[in-house]
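Each chain, written out:
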Amino acid sequence: MKHTDDFAPEDLPAIEVLPPAARFSLRARPAQAEVLGRALGLTLPGRVGERTGEAGREAMCLGPDEWVILAPEEDGAAIVQALADAYGEAPHALADISDREIRFRVSGKGTLDLMAMGCPRDVSAIAPGRGARTVFDGATVVLWRDGEEDVRLDVWRSFAPHVRDLLETGRAELAAGL
Amino acid sequence: MLLIHCPYCDETLPESEFAYAGEAHIARPADPSATTDEEWRDYLFIRSNVKGAHYERWRHVHGCARFFNAVRDTVSDRFLTTYPAGAPRPALSDLEASE
Ligand SMILES: [Zn+2]
């Protein structure tokens, strides 16, 4: 058993709340993805778990007909307008879910161990640059694996304190060498 | 924990990401008001409750969110196959032959 003093903070994952972002849920038939991607200025990924990004905008395929779009907050209105303009050519449903979710970033040594405390899925099997909608101790999260030990988690607002507490508890357990 | 293959994600994932959703291939009567009380009761409540290969629905609720179908052995809990919603019911003989 190691003691807390043995761990420098740089040996532990950092847990941050990221600033608000524009966030959209996009539902459409796969045949519309090309037109919608063009309107968004990126290529919509075709397979569940794949991600793309362009000029600060990011997309992840969550289901066969569902994507989440992330963008800088000030970019939101332009996205709504661009997709409204594309509606005639490519029918779809776009919902602004910017306020629905809180975004955490967990990064640094021990990040995968911390994820394993809440996720039944093997997060290490999600390649860096990919992601998944999955579950973290009962709460649905959209997990973006940005690097080997670097993930972002989008969590529904009402579940965010629960997820945050669990992350902090897990970090304390890592610090205690448990 | 069971591992379940989601036919939409094409990945085998922990059961905790999924929700069970009852027996599969139960079609709602096209004209409910034309059914007798007994037929409607059977549609709502009567299930096969098999011992062995069971055709059932699952939902990848903490994932792609899609409903799909599975054939699971209710004795061993082993999944014989999973397939997309709307696909025809696979014959049991084919599933057993492929093992
Ligand atoms: Zn799935």
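Now for a quick tour of the structure.

Basis of the calculations
- Residues numbered from 1 in each chain as written.
- Chains lettered and ligands numbered in written order.
- Predicted model: local features only at pLDDT ≥ 70, side-chain atom pairs only at ≥ 80, totals over all residues.
- Heavy atoms only, no water.
- Helix = DSSP H or I, 4+ residues; strand = E, 2+ residues; numbered from the N terminus.
- Rg over C-alpha atoms; globule rule 2.2 N^0.38 Å.
- Buried < 20%, exposed > 50% of the residue type's maximum accessible area, 1.4 Å probe, protein only.
- Arc of directions from axis to C-beta.
- Contact = heavy atoms within 4.5 Å.
- Donors = N, O, S within 2.8 Å, 3.2 Å for Na, K, Ca; no water.
- Tetrahedral: all angles 85-135°; square planar, octahedral: opposite > 155°, others 65-115°.
- Core = buried A, V, L, I, M, F, W, Y, C linked by side-chain atoms within 4.5 Å.
- Axes fitted to C-alpha atoms, helices over the stretch in contact; angles between N-to-C directions.
- Left-handed = near helix turned anticlockwise from the far one by under 90°.
- Nonpolar A, V, L, I, M, F, W, Y, C, P; charged D, E, K, R; others polar.
- Pairing = 2+ DSSP bridges.
- Buried area = accessible area lost by both parts, 1.4 Å probe.
- Salt bridge = Lys/Arg side-chain N within 4 Å of Asp/Glu carboxyl O.

1. With respect to the overall build of chain A
A count of helical and extended segments in chain A gives four helices and ten strands. A compact globule built from 178 residues should have a C-alpha radius of gyration of about 16 Å, and chain A, at 18 Å, falls within 12% of that. Principal-axis analysis of the C-alpha atoms places the extent of chain A at approximately 65 × 30 × 30 Å. Taken across its 178 residues, chain A has 49% of its residues classed as buried.

2. Observations concerning helix α3 (residues 111-118) of chain A
All names here are of chain A. Within the sequence span of α3, burial applies to T111, L112, L114, M115 and G118. The buried residues of α3 all sit within an arc of 160 degrees when viewed along its axis, so they share a single face. The secondary structure elements touched by the buried residues of α3 are β1 (14-17), β7 (101-107), β8 (131-136), β9 (139-147), β10 (150-156) and α4 (160-175).

3. Overview of the coordination of the zinc ion
All names here are of chain B. C6 (SG), C9 (SG), H60 (ND1) and C64 (SG) make up the full set of protein donors to the zinc ion, lying at 2.0 to 2.4 Å. For the zinc ion, the four donor atoms are set out with angles of 104 to 115 degrees between them, so the coordination reads as tetrahedral. Of note, the donors binding the zinc ion are all from one chain and are spaced C-x2-C-x50-H-x3-C. You can see C6 sitting in strand β1 (residues 3-6) and its partner C64 sitting in the loop between β4 (53-59) and β5 (67-73), a full 58 residues away along the chain. A single burial state applies to C6 and to C64, both of which are buried.

4. Quick notes on the nonpolar core
One finds A:L26, A:L40, A:L44, A:W67 and A:I69 to be the most contacted residues of the largest nonpolar core, which totals 32 residues. Grouped together as the second largest cluster of nonpolar side chains are 23 residues, A:L12, A:V106, A:L114 and A:V123 included.

5. Digging into the packing of helix α1 (residues 33-40) of chain A against helix α2 (residues 76-86) of chain A
Residue and element names in this part refer to chain A. With their axes 9 Å apart at the nearest point, α1 and α2 run at an angle of 145 degrees to one another. When you trace α1 past α2, the crossing you get is right-handed. The residues of α2 that touch α1, namely those facing V35, L36, A39 and L40, are I79, A82, L83 and A86. Of the residues that constitute the contact of α1 with α2, the class distribution is eight nonpolar, no polar and no charged.

6. Some details on the pairing of strand β4 (residues 57-63) of chain A
Sheet faces and side chains relate simply in a regular strand, where the side chains alternate between the two faces. Residues and elements named next belong to chain A. In terms of burial, β4 is largely enclosed, as seven of its seven residues are buried. The pairing of strand β3 (residues 51-54) with β4 spans four bridges and is classified as antiparallel. If you follow R51 over to β4, its bridge partner there is M60. Counted between consecutive antiparallel strands, the loop separating β3 from β4 contains two residues, among which A55 sits at a positive phi close to 50 degrees. The pairing of β4 with strand β5 (residues 66-71) spans five bridges and is antiparallel. Counted as the bridge partner of C61 is W67 from β5. Linking β4 back to β5 in an antiparallel pair, the connection comprises two residues.

7. Description of the interface of chain B and chain A
Frequently, the measure chosen for interface size is the accessible area removed from exposure when the parts meet. Across the contact, 15 residues belong to chain B and 14 residues belong to chain A. Approximately 1100 Å² of surface area, both sides summed, lies buried where chain B meets chain A, with 50% of it carried by carbon and sulfur atoms. Together, B:E17, B:H62 and B:R66 form the three largest contributors to the area buried by chain B at its contact with chain A, with a combined 39%. Scanning the region where chain B abuts chain A turns up four salt bridges. One salt bridge in this structure joins B:R66 and A:D65, with 2.8 Å as the shortest N-O distance. Of the residues belonging to the side of chain B that touches chain A, the class tally is seven nonpolar, four polar and four charged.

From the geometry alone we can't say anything about function, so treat these as descriptive.
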